[in-house]
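Given next are the chains, with one letter for each unit.
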Amino acid sequence: MKVYFDNAATTPLRPEVIESFTHTLGVFGNASSTHSFGREAKSLLEQARRQIARVFSVQSAEIFFTSGGTEGINMLIHQSIENLGVQHIISSSMEHHAVLHSLERVQKKGVQVHYVRITSDGLVDVAHLETLLSSINGTKLVSLMHVNNETGIILPLKQVAELCKAYGAYFHSDTVQSVGHIELNLAEIPVDFITASAHKFHAPKGVGFVFIRKGIKLKAFINGGEQERGLRAGTEALHQIVAMQKALEISVERMSQEQQQLLELKKYLVNKLTVSINSITFNGQSANYALSSNHILNVSLPLSTEKTNIILLYLDMQGIALSRGSACASGSVSPSHALAAFLPQNKLLLPNLRISISVFNTPAEIDYLVEKLKFFCEQ
Ligand code: PLP
């Protein structure tokens, strides 16, 4: 049996998305060409942009296509410093490495970086964010992720966006793990920038988009042609963009039904783990259904160091795919940086697992996972 519980790393494509992808491959014109082949491609490109914009209640001119989450984050952080005069960035130590490593880089250029406190429950301390916002003078950018990719914990996005607005700070949210899962009406949430990545919502890898609020003028991050209104040069990957739009459309159409399905699967998983494995713990508020996303659960297991080192190998041998920490760090046994932001040292030494589900998972697969984990813990 092979089961996939690593949907925060990437998701399987929906059949409709594969169909849209392969169909669009046939439209080979370059969207920048003025002849009929180019115009056909351009028309599909702009249709995808309009439909994506509609999902967020924004204008199509506020959506820019990218190669994915990492590029979008780098673009927004670096260009807001270059073009908006940002001198201070407020972020958290639980962000994705695309943010954290960008912050290390801009720090070397003289930008001051401030980290908001994380509570012992793994939540961003919003009161501390307000203290930082009120005490720092100069142009500020706040960058905080909406759904944490390791714990699933949700940031109160509207509250944080309103706070940033009240203190005149720009606000970027890495919404890579929430787009397609949580409704985002950006007409009501005064965020300035969001970043999305298609492969997290059942679309292909290597494509994503950013939202940049109208009136904010950023210049090219990648230099070259005039694509994406001069902000992001390079011939647009039409087949990927159209497939991404299709995947988003389906996720949004089925959101209430699929999120209910995911919530039920998550509850089933939490209950099964609780009754089957002694002293398993759920990290932070990861198992709090109101405060965490339905697709991610982060647990720690009561195991020795020797077993900690081989648990992923054991699970892999049983055909079970899941991860420790984020995908890019999962090969290492060093503790996850996101968990290190709020767990005590003794807890960090235990194996933590990120179990991330999709609507393609079944209760029978959860039974199999829990049975294998229980066996491993009891050996
Ligand atoms: N931000 C978060 C929260 C993520 O989970 C990921 C992917 O793991 C990224 C950013 C990077 O996105 P991409 O893989 O599209 O570069």
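Structure shown above.
Along each chain, residue indices are assigned from 1 in the same order as the chain's sequence is written. For this predicted model, a pLDDT threshold of at least 70 governs which residues receive local features, and a threshold of 80 or more governs which side-chain atom pairs are given and counted, while totals over whole chains, interfaces and linings are taken from all residues. For side-chain calculations, the full set of non-hydrogen atoms in the structure is used, while hydrogens and water are omitted.

Caption draft 1: Local environment of the overall build of the protein chain. A run of H or I in DSSP becomes a helix once it reaches four residues, and a run of E becomes a strand once it reaches two; helices and strands are each numbered from the N terminus. Of regular secondary structure, the protein chain possesses 12 helices and 12 strands. Only C-alpha atoms enter the radius of gyration; for comparison, a globular chain is expected to reach 2.2 Å times N to the power 0.38, where N is the number of residues. Since a compact globule built from 379 residues should have a radius of gyration of about 21 Å, the 21 Å found for the protein chain is in line with a globular shape. With the principal axes as the frame, the protein chain shows a C-alpha extent of 65 × 55 × 35 Å. Within the protein chain, the proportion of its 379 residues that are buried is 56%. Partitioning the intrachain contacts of the protein chain with sequence separation of at least 6 by distance along the chain shows that 73% fall at a separation of at least 24. Put simply, the protein chain shows about 15,800 Å² of open surface, and 53% of that area lies on carbon and sulfur atoms. Counting rule applied: Lys, Arg positive; Asp, Glu negative; His and chain ends not counted. Where a charge sits is defined by one atom per residue type, namely NZ (Lys), CZ (Arg), CG (Asp) or CD (Glu). Each charge class in the protein chain can be summarised by its mean position, and for the 33 positive and 32 negative side chains these summaries are 3 Å apart. Throughout this description, buried means an accessible area under 20% of the type-specific maximum (1.4 Å probe, protein chains only), exposed means over 50%, and partly exposed covers the range between. We call two residues in contact whenever any of their non-hydrogen atoms come within 4.5 Å of each other. Computed with the Shrake-Rupley method and a 1.4 Å probe, the accessible areas treat only the protein chains shown as cover for residues.

Caption draft 2: Summary view of helix 4 (residues 97-108). Taking 1.5 Å of rise per residue, the 12 residues of helix 4 would be expected to cover 16 Å, and the 17 Å separating its terminal C-alpha atoms lies within 8% of that figure. Within helix 4, burial applies to A98, V99, L100, S102, L103 and V106. Among the residues trailing helix 4, G110 stands out with phi positive, at a value near 100 degrees. For a helix, the expected span equals 1.5 Å multiplied by the residue count minus one.

Caption draft 3: Spatial organisation of the sheet that holds strand 6 (residues 170-174). The mixed open sheet is built from 7 strands, whose spatial order is 2-8-7-6-5-3-4. Looking along the sheet, the strands with just one partner apiece sit at the ends: strand 2 (63-66) and strand 4 (112-115). Between one strand axis and the next, the sheet turns by 20 degrees as a mean value, whatever way the strands run. Strands were regarded as paired on the criterion that DSSP finds at least two bridges between them. Sheet topology note: the strand 3 (residues 88-91)/strand 4 ladder contains 4 bridges and is parallel. Counterpart to H88 in the pairing with strand 4 is Q112. A fitted line through C-alpha atoms serves as each axis, taken over the contacting stretch for helices, and the angle formed by two N-to-C directions is quoted from 0 to 180°.

Caption draft 4: Region of interest: the packing of helix 8 (residues 255-276) against helix 12 (residues 363-378). Taken N-terminus to C-terminus, the directions of helix 8 and helix 12 make an angle of 25 degrees; their axes are 10 Å apart at the nearest point. If you check the angle between helix 8 and helix 12, you find them roughly parallel. Crossing hand, helix 8 versus helix 12: right-handed. For the pair helix 8 and helix 12, the contacting residues are L265, Y268, L269, K272, L273 and S276 in the first and P363, I366, D367, L369, V370, L373, K374 and E378 in the second. Note that Gly is not counted as nonpolar here; it falls among the polar residues with everything else outside the nonpolar set of Ala, Val, Leu, Ile, Met, Phe, Trp, Tyr, Cys and Pro and the charged set of Asp, Glu, Lys and Arg. Taken together, the residues of the contact of helix 8 with helix 12 sort by class into 9 nonpolar, 1 polar and 4 charged. Orientation labels follow simple angle bins: below 35 degrees gives roughly parallel, above 145 gives roughly antiparallel, 65 to 115 gives roughly perpendicular, and whatever is left gives oblique. By the definition used in this description, the sense in which the near helix is turned from the far one sets the handedness, with an anticlockwise turn below a right angle giving left-handed and a clockwise turn giving right-handed.

Caption draft 5: How the structure looks around the site of the ligand. Nearness of a residue to a molecule or strand requires only that one of the residue's heavy atoms be within 4 Å of it. G69, T70, D174, S197 and K200 are the nearest of the 13 residues found near the ligand. Under this definition, polar contacts are N or O atom pairs within 3.5 Å; protein pairs additionally need one hydrogen-donor-capable and one acceptor-capable atom, and for neighbouring residues in sequence, both atoms have to be side-chain atoms. G69 places a polar main-chain atom, nitrogen or oxygen, 2.8 Å from an oxygen atom of the ligand. Between the ligand and S197 there is a distance of 2.6 Å, counted from an oxygen atom to a side-chain nitrogen or oxygen. Surface burial for the ligand is 85%, taken as the share of its 390 Å² of free accessible area covered by protein chains. With 3 residues, the single largest contributor to the shell around the ligand is helix 3 (residues 69-84). Of the residues assigned to the shell around the ligand, the class counts are 3 nonpolar, 8 polar and 2 charged.

Caption draft 6: Local environment of the pairing of strand 2. Of the two faces of strand 2, both are covered, the one formed by I63 and F65 as well as the one formed by F64 and T66. Note that strand 2 and strand 8 (residues 208-212) share 4 bridges and pair antiparallel. Bridging across to strand 8, F65 finds its partner in F209.

Caption draft 7: Representation of helix 6 (residues 157-166) within the structure. Those residues of helix 6 that fall on the buried side of the exposure criterion are L157, V160, A161, L163 and C164. When helix 6 is viewed along its axis, its buried side chains cluster within an angular range of 160 degrees and face the same direction. Turned more than 90 degrees away from the buried face of helix 6 sit K165 and A166, all of them exposed. Those residues of helix 6 that are buried lie in contact with helix 5 (126-135), strand 5 (140-143) and strand 6. Taken from the residues just after helix 6, G168 is the one with a positive phi, measuring 70 degrees. Comment: arc refers to directions from the helix axis out to C-beta atoms.

Treat this as a map of the structure, not an account of what it does.
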